[in-house]
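# Survey of secondary and tertiary structure
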Amino acid sequence: MFTSVDDVSARLAETGYLASPAVATTVFLAARLGKPLLVEGPAGVGKTELAKAVARVTDARLVRLQCYEGVDESRALYEWNHAKQLLRISAGRDESWDEARTDIFGEEFLLPRPLLTAIRGDDAKVLLIDETDKADVEVEGLLLEVLSDFQVTVPELGTVTATRRPFVVLTSNASRELSEALRRRCLFLHIGFPEEELERRIVRLKVPDLDEALAGSLVRVVAALRAMELRKVPSVAETVDWARTLLALGADTLDEAVVRDTLGVVLKHQDDVLRAAAKLDLDTL
């Protein structure tokens, strides 16, 4: 997929994803070693976007499993089209059960979900298991089987083994501790909030029409907000949203009036807005 760490950085940058050296190195190693990549970090720092960027630069199909509380095997792996099976049974009323069973448990009635989809076929795929920490512990057991051997057993059809392994990215906001068994099967990458210079480059890349000096001021204010004790600190995505807001308003500087009127773009709780308004000193930034 990639020839070197520099190749990762350059190709991801072409899609608009500016990767730090640590990110580029870990992506290169995951691709070279054929290991799943577990990416942890706060919301909005680019974990999901990393998987999408890898899919774009490698011309691979993105297969996404969005995890949530209550997601089960039928939503993650496969299920049978029961309505279609019943219609088939009704149409063949004169058949014996053994004859009908052979037919209704065929490919025509199988509904593959993301995990099964990712290991079938010969085309290049990126499997994104998003917000893994939101899934129940039982789902981790399913992931262990799939990520260990890249194969799935469908009792009625047999074992399906990947002929071409997907590039796998698991993301987590660390709201729940993942099992050591799952971590052991993955390379680990933590993506935190970027350094100011990298975040300024990201803002300039995503909002190229924004004045460079204003972009610098914006990034410094966001860094000051993250240093406060807030319920939710601004993410990189929200920094970009704020930059687009300033551009839409035609703001030339980030003065107190502009900050006061637009804090709701980056802070999503009223007590955070009040605390930031009281403590933020633009003269020192």
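A brief report on the enclosed structure follows.

How each quantity is defined
Residues numbered from 1 in each chain as written. Predicted model: local features only at pLDDT ≥ 70, side-chain atom pairs only at ≥ 80, totals over all residues. Heavy atoms only, no water. Helix = DSSP H or I, 4+ residues; strand = E, 2+ residues; numbered from the N terminus. Rg over C-alpha atoms; globule rule 2.2 N^0.38 Å. Buried < 20%, exposed > 50% of the residue type's maximum accessible area, 1.4 Å probe, protein only. Areas by Shrake-Rupley, 256 points an atom, 1.4 Å probe, with all protein chains shown as cover. Pairing = 2+ DSSP bridges. Axes fitted to C-alpha atoms, helices over the stretch in contact; angles between N-to-C directions. Contact = heavy atoms within 4.5 Å. Polar contact = N/O pair within 3.5 Å; in protein donor to acceptor, adjacent residues only side chain to side chain. Salt bridge = Lys/Arg side-chain N within 4 Å of Asp/Glu carboxyl O. Arc of directions from axis to C-beta. Disulfide = S-S within 2.5 Å. Phe/Tyr/Trp six-rings, centres within 6.5 Å; stacked < 30°, edge-to-face > 60°. Lys NZ or Arg CZ within 6 Å of the ring centre and 35° of its normal. Parallel < 35°, antiparallel > 145°, perpendicular 65-115°, else oblique. Left-handed = near helix turned anticlockwise from the far one by under 90°. Nonpolar A, V, L, I, M, F, W, Y, C, P; charged D, E, K, R; others polar.

Turning next to the overall build of the chain. Of the regular secondary structure elements, the chain holds 14 helices and nine strands. Over its C-alpha trace the chain gives a radius of gyration of 24 Å, far above what one expects of a compact globule, namely 19 Å for 285 residues. Considering only C-alpha atoms, the chain reaches an extent of 85 × 45 × 35 Å along its principal axes. Considering the chain as a whole, with its 285 residues, one finds that 46% of them fall into the buried category. With an accessible surface of roughly 14,400 Å², the chain has 50% of that area assigned to carbon and sulfur atoms.

This part is about helix H3 (residues 47-57). Among the eleven residues in H3, eight count as buried, and that is most of the element. The set of residues buried in H3 consists of Lys47, Thr48, Leu50, Ala51, Ala53, Val54, Ala55 and Val57. Asp59 sits one or two positions beyond H3 and adopts a positive phi of about 55°.

We now examine the sheet that holds strand S1 (residues 37-40). Spatially, the five strands line up as an open sheet ordered S2-S5-S8-S1-S9, and their pairing is parallel. The open sheet terminates on both sides in strands that have one partner only, identified here as strand S2 (61-66) and strand S9 (187-190). This sheet shows a mean twist of 20° between the axes of neighbouring strands, independent of strand direction. Pairing of S1 with strand S8 (residues 167-172), which is carried by four bridges, proceeds in the parallel orientation. Of the residues in S8, the one forming a bridge with Leu37 is Val169. Set on the sheet, H3 makes contact with S1, S2, strand S5 (125-130), S8 and S9; between it and S5 the angle comes to about 170°.

A separate point is the environment of Asp136. By secondary structure assignment, the location of Asp136 is in the loop between S5 and helix H8 (137-149). Since its relative accessible area comes to 29%, Asp136 is described here as partly exposed. Side-chain polar atoms of Asp136 contact the backbone nitrogen of Gly70, separated by 3.4 Å.

When the charged atoms of two side chains lie near each other, side chains of opposite charge can form a pair. Going through the model one piece at a time under the given rule, you end up with 20 salt bridges. Put simply, Glu79 and Arg75 hold a salt bridge, and the shortest N to O gap is 3.9 Å. Note that Glu108 is salt-bridged to Lys84, the shortest N-O span being 3.5 Å. Of the two residues, Glu108 is situated in the loop between helix H6 (97-104) and strand S4 (110-112) and Lys84 in helix H5 (residues 82-91); the sequence distance between them amounts to 24 residues. Its relative accessible area of 32% is what places Lys84 among the partly exposed residues. Counted as one network, the salt bridges with shared partners bring together Glu40, Glu177 and Arg183.

Now for helix H14 (residues 270-279). Among the residues making up H14, those that are buried are Asp272, Val273 and Ala276. Along the axis of H14, the buried residues cluster in a sector spanning 100°; they form a single face. Every exposed residue of H14 that faces more than 90 degrees away from the buried side is listed here: Gln270, Leu274 and Ala278. Those residues of H14 that are buried are in contact with helix H11 (212-226).

So, on to the state of the cysteines. Under the defined criterion, the tally for this structure stands at zero disulfides. A disulfide-free cysteine, Cys67 has its sulfur positioned 12 Å from the sulfur of Cys186, the nearest such atom. The class for Cys67 is buried, based on a relative accessible area of 2%.

Applying the stated criterion across every chain yields a total of one aromatic pair. With a centroid separation of 6.3 Å and 80° between ring planes, the pair formed by Tyr78 and Trp80 is classed as edge-to-face. Trp80 shares its class with Tyr78; the two are buried. The aromatic ring of Phe109 is capped on one face by Lys84, whose charged end is 5.8 Å from the ring centroid.

What follows is about the packing of helix H10 (residues 196-206) against H11. The interhelical angle for the contact between H10 and H11, taken along N-to-C directions, is 130°, at an axis separation of 9 Å. Here H10 is positioned oblique relative to H11, judged by the angle of their axes. Where H10 crosses over H11, the handedness of that crossing is right-handed. When H10 is examined against H11, the residues Glu196, Glu199, Arg200, Val203 and Arg204 are found in contact with a partner set consisting of Glu212, Ala215, Gly216, Leu218, Val219, Arg220, Val222, Ala223 and Arg226. Across the contact of H10 with H11, the residue classes tally to six nonpolar, one polar and seven charged.

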